[in-house]
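Below, each chain spelled out in residue letters.
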Amino acid sequence: MNLLKNRVKQLCLLAGLAMVTLPNSGCNLLAWTTQLAWTGAAFWGTTPLIPVTPYFSQQIEDTYWEEERYKKVPILDPVEGENAPLFCLDPPSPDEVMRALPDNTAGGVPFLAETSRNNVRIVVEPIVDRVDECRFFPQVGPARLHHCHYKCTVYFEETKRSSWPVPFTHKDQVQEVVYIDHDHLIRCTGPIVK
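A few points on the structure. (Residues numbered from 1 in each chain as written. Predicted model: local features only at pLDDT ≥ 70, side-chain atom pairs only at ≥ 80, totals over all residues. Heavy atoms only, no water.)

**Observations regarding the nonpolar core**
Argument step 1. Listed in full, the eleven residues of the largest apolar core are C88, V97, L101, C148, Y150, C152, V154, F156, V174, V178 and I180.
Argument step 2. Elements with a minimum of two residues in this core: β4 (141-162) and β5 (168-181).
Argument step 3. Take this core: its biggest share by element is five residues, from β4.
Argument step 4. For F156, the contacting residues outside a window of four places in its chain are R117, N118, N119, V120, D172, Q173, V174 and E176. (Core = buried A, V, L, I, M, F, W, Y, C linked by side-chain atoms within 4.5 Å. Buried < 20%, exposed > 50% of the residue type's maximum accessible area, 1.4 Å probe, protein only. Helix = DSSP H or I, 4+ residues; strand = E, 2+ residues; numbered from the N terminus. Contact = heavy atoms within 4.5 Å.)

**With respect to the state of the cysteines**
Argument step 1. One pass over the structure, following the stated rule, counts two disulfides.
Argument step 2. What pairs with C88 in a disulfide is C148, and their sulfur atoms sit 1.9 Å apart. Disulfide C88-C148: torsion about the S-S bond near -100°, hence left-handed. On the criterion of sequence distance, the pair formed by C88 in the loop between β1 (75-76) and α4 (94-100) and C148 in strand β4 is long-range, its members being 60 residues apart.
Argument step 3. The partner cysteine of C134 in its disulfide is C188, sulfur to sulfur 1.8 Å. What sets the handedness of the C134 and C188 disulfide is the S-S torsion sign, and at about -105° it is left-handed. Residue C134 is found in the loop between β2 (114-131) and β3 (135-137), and its partner C188 is found in the segment after β6 (184-187); the two are separated by 54 residues along the sequence. For the pair C134 and C188, a shared accessibility class is recorded, and that class is buried.
Argument step 4. Cysteine pairing in the protein chain follows 1-3, 2-4, where each cysteine in a disulfide is numbered by its order in the sequence.
Argument step 5. Looking at the unpaired C152, the closest cysteine sulfur is the one in C88, lying at 12 Å. (Disulfide = S-S within 2.5 Å.)

**Points about the side chain of H182**
Argument step 1. Relative to the elements of secondary structure, H182 occurs in the loop between β5 and β6.
Argument step 2. Looking at H182, the relative accessible area reads 13%, which means it is buried.
Argument step 3. Within the local environment of H182, its side chain forms a polar contact with the backbone oxygen of D90, the two atoms lying 2.8 Å apart.
Argument step 4. Not counting the four nearest positions on each side in its chain, H182 is found in contact with D90, P91, P92, E96, H146, C148 and Y150. (Polar contact = N/O pair within 3.5 Å; in protein donor to acceptor, adjacent residues only side chain to side chain.)

**Here's the deal with the layout of surface pockets**
Argument step 1. Approximately 510 Å³ is the volume found for the largest pocket.
Argument step 2. Forming the walls of the largest pocket are 24 residues, and the residues nearest its centre are P74, L76, D90, H182 and H184.
Argument step 3. Of all the secondary-structure elements, those providing two or more residues to the lining of the largest pocket are α3 (54-70) and β6.
Argument step 4. Along the lines of polarity and charge, the residues of the lining of the largest pocket split into 13 nonpolar, four polar and seven charged.
Argument step 5. The space that makes up the second largest pocket amounts to roughly 350 Å³.
Argument step 6. In terms of lining, the second largest pocket is formed by 13 residues, of which the most central are D62, E66, R99, D103 and A106.
Argument step 7. Where the lining of the second largest pocket is concerned, the elements lending two or more residues are α3 and α4. (1 Å grid on protein atoms, 1.4 Å probe; cavity = no way out; pocket = protein on both sides within 12 Å on 5 of 7 lines; lining within 4 Å. Points joined across faces, edges and corners; volume = space filled by probe spheres on them. Nonpolar A, V, L, I, M, F, W, Y, C, P; charged D, E, K, R; others polar.)

**Quick word on the side chain of E158**
Argument step 1. Assignment of secondary structure puts E158 in strand β4.
Argument step 2. Among buried charged residues, E158 stands out as having no salt bridge; its nearest opposite-charge side chain is K160, 4.3 Å away.
Argument step 3. Not counting residues within four places of it along the chain, the set of residues in contact with E158 comprises N104, T115, S116, H170, K171, D172 and V174. (Lys, Arg positive; Asp, Glu negative; His and termini not counted. Salt bridge = Lys/Arg side-chain N within 4 Å of Asp/Glu carboxyl O.)

Right, dumping it as structure tokens:
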């Protein structure tokens, strides 16, 4: 214990000496670094380097992922044959269901207020599976709208934890329901019914 106290005293003394003597020694390391950053920024026409937390880059990546995977209406080629199967083939993935849930786990402060989901079980049930008649859609042309609606029930154990000021852990069995639509267009090959 005495060794630790001595090390802390030595480090504090060394830091104090550095703060007193460095500005008087003619060393302009901090000023030189700042000037270099501004000069580089003026040359490249941008701002100087700014540290950014990984939280914001993850948020942007998630936005693009959801836009690319789940927020576009696909346009499929016509189904050949008179008795060709026209039924929903792509139920929602677990990733899509979890992203559709309200996010109660975001925004917690570590050790002060944390919420987590454990033992997740997802049940997907088709509700609607129907195909409309051919009609004209702007920017698509003649197509039929295929309605695919799913009811997704998510069962999980929600754990709320805090370590300060009063340590506690609360576990609760939760059931959430999310409705997901996988509507898509199928191009028509025959005449359009108006």
